[in-house]
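Each chain, written out:
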Amino acid sequence: MKIMVIGSGGREHTLVWKIKKDDRETELFAVPGNGGIYEIAECIPAKTNHSEHIADLAIKNNINLTVVGPELPLAEGISDIFQQKGLKIFGPIKKAAKLEASKSFAKEFMKNNKIPTADFEITDSYDKGIQILERRVFPCVIKYDGLAAGKGVMVANNFDEAIDFLEKIYRDKIFGDKSNKVIIEDCLDGREISYLIFTDTVDFLPMVPAKDYKRVFDNDKGPNTGGMGCYSPPSLFNQELEKLIQKNIVFPTIKGLQKENIDYRGVLYFGLMITKKGPYVLEYNVRFGDPETQVILPRMESNLIEIMEAVTEQSLKKCSIRWSKMKSLCVILASAGYPGKYETDKEIKGLKEIENLDVILFHAGTKRENGKILTAGGRVLSITAMGNTFPEARDKVYKAADIIDFEGKHYRKDIGLE
Ligand code: AMP
Ligand code: GLY
């Protein structure tokens, strides 16, 4: 079997690692891959949003299944193109990917299907935005409608902060002008968790939940990032909460997809706020999370390839899924300056020294040059360890994080501490 994974982050390295673990015989390709994926897959340099070109690559290399990591190609309709050409792809079509690509679409979907989410209003202009803000209470949350690489959301503590963000969106066009909509919603209080499922629109299989750390510095200080670390399962999670999430959120979402004729085949990620009044949806993502994948897939005992194939064939009903009871935890090592402008091309040292430690190293922004591994992105490496307890997993991860070295390396020291 030949499988192609699209993307170049820690999430994609984890996918490739898991596929290889499930079936040593699988021939793996990655577009474009990174310095670590290179060890297990043939890396093909191409832009991840050049869907027609990627489909041609799939045909040329006789690929049986393509797995999409990031949201951008999904939002641009890569799955539609593959399906039109009769190629098998894991990831939702453009219409379904709107659940992530347009926050206003997602909010209307939740409202129509009575899925708990923060009360909201939508504006399509600066002036209307001001009128809405005049009647809201603060803090409130302001969200740009389109994809914004995690930078499109702002918690505004007062009117002035809110106006400032609206100006940046409408006057300075910091996110471009793909959309003119902005969502203004209530600020929810509680604890966040990531809950992901596999779904083929008919049925779903839940994954184990994870807790992501979005801020760059310890104690949730500093700007938002793509994610600086993660652990699974979150401490507040239990069977009772899972039942509530499925009853109030997952089932109504699947029913809503069916009712609105949205054919969804892939991973659906619920970003949840667990409040005193129960779980609320902050956002949908239409793909695996990064770094959630780095702690979820190492706990997965079932065969991922079989599940992904069943999703694409809409036969998920016949599958079941098993998970390890072990705890898992990962920490991201980032480049100097990340999440702002960051440095690259620094040599990464210490990779050999950690080979005998009980950790799994997933590469993100790395590249291979003249036999050396160099930094090539903001998030550089992700180190995962399993343990019977979180302290055990933490000890293993931080031992490796200290040994690996590159100029400007920084990472959070508080992952897994509550
Ligand atoms: P989103 O991209 O919509 O998930 O928002 C990014 C982050 O902003 C979330 O992970 C939360 O930390 C925060 N956030 C978003 N919406 C809300 C809300 N209604 N109340 C409180 N925090 C929020
Ligand atoms: N870790 C958050 C995300 O993947 O969107």
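Criteria and cut-off values
Residues numbered from 1 in each chain as written. Chains lettered and ligands numbered in written order. Predicted model: local features only at pLDDT ≥ 70, side-chain atom pairs only at ≥ 80, totals over all residues. Heavy atoms only, no water. Helix = DSSP H or I, 4+ residues; strand = E, 2+ residues; numbered from the N terminus. Rg over C-alpha atoms; globule rule 2.2 N^0.38 Å. Buried < 20%, exposed > 50% of the residue type's maximum accessible area, 1.4 Å probe, protein only. Contact = heavy atoms within 4.5 Å. Lys, Arg positive; Asp, Glu negative; His and termini not counted. Charge placed at Lys NZ, Arg CZ, Asp CG, Glu CD. Near = heavy atom within 4 Å. Polar contact = N/O pair within 3.5 Å; in protein donor to acceptor, adjacent residues only side chain to side chain. Areas by Shrake-Rupley, 256 points an atom, 1.4 Å probe, with all protein chains shown as cover. Nonpolar A, V, L, I, M, F, W, Y, C, P; charged D, E, K, R; others polar. Phe/Tyr/Trp six-rings, centres within 6.5 Å; stacked < 30°, edge-to-face > 60°. Lys NZ or Arg CZ within 6 Å of the ring centre and 35° of its normal. Salt bridge = Lys/Arg side-chain N within 4 Å of Asp/Glu carboxyl O. Pairing = 2+ DSSP bridges. Axes fitted to C-alpha atoms, helices over the stretch in contact; angles between N-to-C directions. Core = buried A, V, L, I, M, F, W, Y, C linked by side-chain atoms within 4.5 Å.

Student: Please explain the overall build of the chain as it appears in this structure.
Tutor: Each helix and strand counted, the chain has 12 helices and 20 strands in total. Against the 2.2 N^0.38 benchmark of 22 Å for 418 residues, the chain shows a C-alpha radius of gyration of 21 Å, consistent with a compact globule. By principal-axis analysis of the C-alpha atoms, the chain measures approximately 60 × 45 × 45 Å. In the chain, which comprises 418 residues, the share counted as buried stands at 58%. Here the contacts in the chain between residues at least 6 apart in sequence split such that 68% fall between residues at least 24 apart. Of the charged side chains in the chain, 60 are positive and 60 negative, and the gap between their average positions amounts to 2 Å.

Student: Explain the site of ligand 2 to me, please; I cannot follow it from the model alone.
Tutor: The environment of ligand 2 is formed by Asp212, Gly226, Tyr269, Asn285, Arg287, Gly289, Asp290, Pro291 and Glu292. Contact between ligand 2 and Asp290: an oxygen atom at 3.0 Å from a main-chain N or O atom of the residue. Glu292 is positioned such that a nitrogen or oxygen atom in its side chain is 2.8 Å from a nitrogen atom of ligand 2. Isolated, ligand 2 exposes 200 Å² of accessible area, and the fraction of that covered by the protein chains is 89%.

Student: In this structure, what is going on with the site of ligand 1? I would like to understand it.
Tutor: Surveying the vicinity of ligand 1 reveals 14 residues, the closest of which are Glu185, Asp186, Leu188, Glu192 and Glu283. Here an oxygen atom of ligand 1 and a side-chain polar atom of Lys103 are 3.1 Å apart. Within the side chain of Lys214, a nitrogen or oxygen atom sits 3.3 Å from an oxygen atom of ligand 1. Coverage of ligand 1 by the protein chains reaches 87% of its 470 Å² of free accessible surface. The set of elements that each furnish at least two residues to the shell around ligand 1 consists of β7 (140-144), β9 (182-186) and β15 (278-285). Partitioning the shell around ligand 1 into residue classes produces seven nonpolar, no polar and seven charged.

Student: What is the right way to look at the packing of aromatic side chains in this model?
Tutor: For any pair of aromatic rings, geometry is given as the distance between the ring centres together with the angle between the planes. Scanning the model with the defined rule gives 15 aromatic pairs in all. Ring plane angle 85° and centroid distance 6.3 Å describe the contact between Phe138 and Phe159, whose orientation is recorded as edge-to-face. In this pair, Phe138 sits in the loop between α7 (126-135) and β7 while Phe159 sits in helix α8 (residues 159-170), placing the two residues 21 residues apart along the sequence. The exposure class assigned to Phe138 is partly exposed, which follows from its relative accessible area of 28%. Judged by centre distance (6.1 Å) and plane angle (50°), the rings of Tyr213 and Tyr231 are tilted. Of the two residues, Tyr213 sits in strand β12 (residues 211-217) while Tyr231 sits in strand β13 (residues 221-232), which places them 18 residues apart along the sequence. Just as Tyr213 is buried, Tyr231 falls in that class too. These aromatic residues form a ring-pair network of at least three members: Phe90, Phe198 and Phe288. Looking at Arg171, its charged tip hangs above the ring of Tyr126, at a distance of 3.9 Å from the centre.

Student: Honestly, the pattern of salt bridges in this entry has me stumped. Any pointers?
Tutor: Where charged atoms of side chains with opposite charge meet at close range, the side chains can pair. According to the stated counting rule, one finds 32 salt bridges in the structure shown. Notably, a salt bridge pairs Lys352 with Glu355, separated by 3.4 Å at the nearest N-O pair. By the burial criterion, Lys352 is exposed, and Glu355 matches it. Here Glu392 makes a salt bridge to Lys396, at a shortest N to O gap of 3.6 Å. Here Lys396 and Glu392 lie together in helix α12 (residues 390-403), a separation of four residues that amounts to about one turn. Assessed through its relative accessible area of 18%, Lys396 is described here as buried. Overlapping salt bridges, with partners in common, bring together Asp119, Glu121, Arg135, Arg136 and Asp186 in one network.

Student: Would you mind going over the sheet that holds β7 with me for this structure?
Tutor: The strands that make up a sheet are held in pairs by hydrogen bonds between backbone atoms, and each pair lies either parallel or antiparallel. Read from one edge of the open sheet, four strands run β6-β9-β7-β8, paired in antiparallel fashion. In this open sheet, the two edge strands, each paired with only one partner strand, are β6 (120-123) and β8 (153-156). Mean inter-strand twist for the sheet, computed between neighbouring axes without regard to direction, equals 20°. The pairing of β6 with β9 spans four bridges and is classified as antiparallel.

Student: Looking at this structure, how should I read the environment of Lys318?
Tutor: Here Lys318 lies in the loop between α11 (304-312) and β16 (327-334). The class for Lys318 is exposed, based on a relative accessible area of 63%. Spatially, the C-alpha atoms of Lys318 and Asp119 are 38 Å apart, while their sequence positions differ by 199 residues.

Student: Please clarify how the pairing of strand β20 (residues 379-387) should be interpreted in this entry.
Tutor: Put simply, side chains in a regular strand alternate between the two faces of the sheet. Within β20, nine of the nine residues are buried, which leaves the element mostly enclosed by the surrounding structure. Strand direction decides the pairing type here: β16 and β20, joined by eight bridges, are antiparallel. Paired with Lys327 across the two strands is Gly387, which belongs to β20. As paired elements, strand β17 (residues 360-363) and β20 share four bridges and run antiparallel to each other. Of the residues in β20, the one forming a bridge with Ile360 is Thr384.

Student: When you look at the nonpolar core in this model, what are you seeing that I'm missing?
Tutor: One broad rule of soluble globular proteins: the nonpolar side chains tend to lie buried together. Phe82, Leu99, Phe270, Leu272 and Tyr284 are the most contacted members of the largest nonpolar core, which totals 46 residues. Top element by residues in this core is helix α9 (residues 239-259). It accounts for six residues. Among all residues touching Leu99, those that are not within four sequence positions of it are Phe105, Ala106, Phe109, Leu257, Tyr264, Leu268, Tyr284 and Val286. If you look at the next biggest cluster of nonpolar residues, it comprises 37 residues, including Phe90, Phe288, Ile296 and Leu316.

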